[in-house]
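# Descriptive structure summary
Below are the chains, spelled out letter by letter.
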Amino acid sequence: MAVNAPVVPETQLNLNDPQVVAEQIKTQHPDAVESVSAQGIVVKNDKLLDVARYLRDSLAFDYLNNVTSVDWQDRFEVVYNLTSMDRGGAPITLKVNAARDNPSVPSLVPVYRGADFQEREVYDLMGIRFAGHPNLRRILLWDGFEGYPLRKDYKEPYYEEEKKPFGSRWDQGYHVIAEDRNPWHDNVQYPANFDAVAYKPPRDHIQPISVEEATASRIHTDKIVLNVGPQHPSTHGVLRLRVTLEGEVVRGVEPILGYLHRNHDKIGERNTYLGNMPFTDRLDYFSSMANNLAYALAVEKLMGVKPPERAEYIRVIMAELTRWQNHAIALGFIYNDLGAFYTPLIYAMEERELVLDLFEATSGSRMMCNYMRFGGVARDVTDDFIEKCKYLVDERLPRRTDELEAYMVGNELFHARAKNVGILPRDLAINYSTAGPVLRASGVKYDIRRAEPYSIYDRFDFDIPTGTVGDLYDRFVVRVAEMRQSLKILKQALAQIPAGEIQTGKKNYQVRVPKGEAYGRAENPKGELGFYVVSDGTPNPYRYHVRGPSFINLTALNDMCVGYKIADMVVILGSIDIVMGEVDR
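Our subject in this report is the structure included herewith. (Residues numbered from 1 in each chain as written. Predicted model: local features only at pLDDT ≥ 70, side-chain atom pairs only at ≥ 80, totals over all residues. Heavy atoms only, no water.)

## Brief notes about the pairing of strand β1 (residues 33–37)
Here is the rule we go by: When DSSP finds at least two bridges between two strands, those strands are taken to pair. Strands are runs of DSSP state E lasting at least two residues, helices are runs of H or I lasting at least four, and both sets are numbered from the N terminus onward.
Note: β1 against strand β2 (residues 40–43), four bridges, orientation antiparallel. Of the residues in β2, the one forming a bridge with V36 is I41. Counting the residues in the hairpin turn of β1 and β2 gives two residues.

## Brief notes about the packing of aromatic side chains
Let me state the cut-off plainly: Any two of the Phe, Tyr and Trp rings considered here, Trp counted by its six-membered ring, make a pair once their centres fall within 6.5 Å; the pair's planes then place it as stacked at under 30 degrees, edge-to-face at over 60, or tilted in between. For each residue, the accessible area found with a 1.4 Å probe, counting protein chains only, is set against the maximum for its type, and the residue is called buried under 20%, exposed over 50%, and partly exposed in between. Any Lys NZ or Arg CZ that is within 6 Å of a ring centre and within 35 degrees of that ring's normal is treated as a charge sitting over the ring.
Within this structure, the stated rule accounts for 23 aromatic pairs. Aromatic side chains Y285 and F286 sit 5.8 Å apart centroid to centroid with 40 degrees between the ring planes, which places their arrangement in the tilted category. A residue is classified by how much of its surface remains accessible, and F286, at 17% relative accessible area, is buried. Note on F414 and F476: the rings are 4.6 Å apart at their centroids and 50 degrees apart in plane angle, and the pair reads as tilted. Of the two residues, F414 sits in helix α12 (residues 412–418) while F476 sits in helix α16 (residues 472–496), which places them 62 residues apart along the sequence. With respect to class, F414 is no different from F476; both count as buried. Members of the aromatic cluster, connected to one another through ring pairs, are Y313, Y454, Y457, F460 and F462. Just above the ring of F61 sits the side chain of R87; from NZ or CZ to the centre is 4.8 Å. The ring of F551 carries R585 above its face, with NZ or CZ at 4.6 Å from the centroid.

## Details of the pattern of salt bridges
Stated precisely, the cut-off is as follows: Salt-bridge detection follows one rule: a side-chain nitrogen of Lys or Arg within 4 Å of a carboxyl oxygen of Asp or Glu.
A full pass over the atoms with the stated rule returns 46 salt bridges. The shortest N-O distance in the salt bridge between R449 and E320 comes to 3.2 Å. Within this pair, whereas R449 is found in helix α15 (residues 448–451), its partner E320 is found in helix α9 (residues 309–338), the two being separated by 129 residues in sequence. In this structure R449 comes out as buried when scored by relative accessible area, which is 3%. Linked by salt bridges that have partners in common, E320, R323, R440, D447, R449, E482 and E523 make up one network.

## A short note on a nonpolar patch on the surface
The line we're drawing: The patches described consist of residues with a relative accessible area above 30% and no salt bridge, like charges being joined within 9 Å and nonpolar side chains (Val, Leu, Ile, Met, Phe, Trp, Tyr) within 5 Å. With residues, only the protein chains shown are counted as cover, and all accessible areas are computed by Shrake-Rupley using a 1.4 Å probe.
Together, F341, Y342 and I346 line one region of the surface with nonpolar side chains, adding up to about 370 Å² of accessible area. Relative to the helices and strands, Y342 is located in the loop between α9 and α10 (343–363). Judged by relative accessible area, Y342 falls into the partly exposed class, the value being 48%.

No statement about biological role is implied by the geometric values presented.
This is how it looks when you write it as structure tokens:
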């Protein structure tokens, strides 16, 4: 007699296993899955939206971590990483293929608003169209740029070779740079029928508002479009905000990006694996050590190596020192945006300099540290480092945290300007793929150090601070609380750090990474910093992509600003805490 297998409740299913998730998809969409493996679930192009909605609504994959793409010889592949905020664990990988001629896939913006900027980036750099995207156009490059630079057949101006180290660098020890060998005008390319001299940027159009919004205003004012930046101190770098105003009230904000773009991903595919480490310093340049760690974690997944115990503790110490000083500076900059010019920031800078002293003593550099290595760290810390670090962690930094909180959080003018301003509700914070303090301030208790513990974070006792309203005040207070938690972790790490080796295996100039793909991520000060790496077994990545939290957190800026005054918009932007090196890459 045949016996049917018992139905397993969803709560008992391992929904971090691609095989299990694929079987669940098949129960609702039998013909949607093309294949499944440890590398992810490949779904049919025309079923992508249905599958994404099912994963979000029925299996609680409510968070879109990352969107990227890969150029294979026979096809393009769009890659999505999805997570459940409640379950945690490693993200699952969803993939969809697109033909080489006129590649197109459905847009996931109707399901995950966090796909907005990420899909535009894929379109901009890889040339894959997203059907149904509400604003599909270039985001990092200008209209006069010819081609799609992340495609494998793209040759940039002054192209030399596919992969580094370039042979020309070794010619009898003398090298003539490509710019001197090739005049600029012989290398620049424009699209067909594009006249660079006659080109004029598209005219800015006023964003429409509803009849209810128009009649709610007692004073009649005309709407205007105002450009804030890219040369403006309030935009925290070369960021341009195209703002639609009605009087002083913000009716729409659109970030215009790309002024600092240098195609970090393409550089990463030209470089060797180890050659990319100093390039990660230049992403969020306030968080060099933490950037190094996230990249090392991704490559170590592919290599299957684990650092020695002492190296793990050193990594945690460097990452948490980075978090403390980053948040201290963020608080100072927010007060700058409020109008308290520089005094609070200088107090925060003084403490940051002491942390950078430790970085310099260990790595040789204050900001561009280039310190982590696959399987360990570049140099050991000294006994003097440990003693100075203990002094900061046990005595000085806790006092300074108390002072910053007393003078800044308790300020009545700050309360008036920050409470109930720039509100980002919990559901929107998740759907927009925001991360870090921006996400947690909206009441989402999610931190990768707990959700998918990496390194040795599972050994430490620390809390995950969250807000309740999701306003500017919560984003400020959450950062103060996280500074205290970083000190709590640092005290434990400094007390427990063992003696021993700092590197697994021997140090090599370059490494050969086994074939495969991995998405490695870390809870950086600004949120989830992820690296998607594809290896073809050579010393250079076949695909290298950075998921920058500063870039994705900006997606929610419009919703956070509409209805508030333009003076509020400046502070709301500051509360996101962006660095343009990580936004534009």
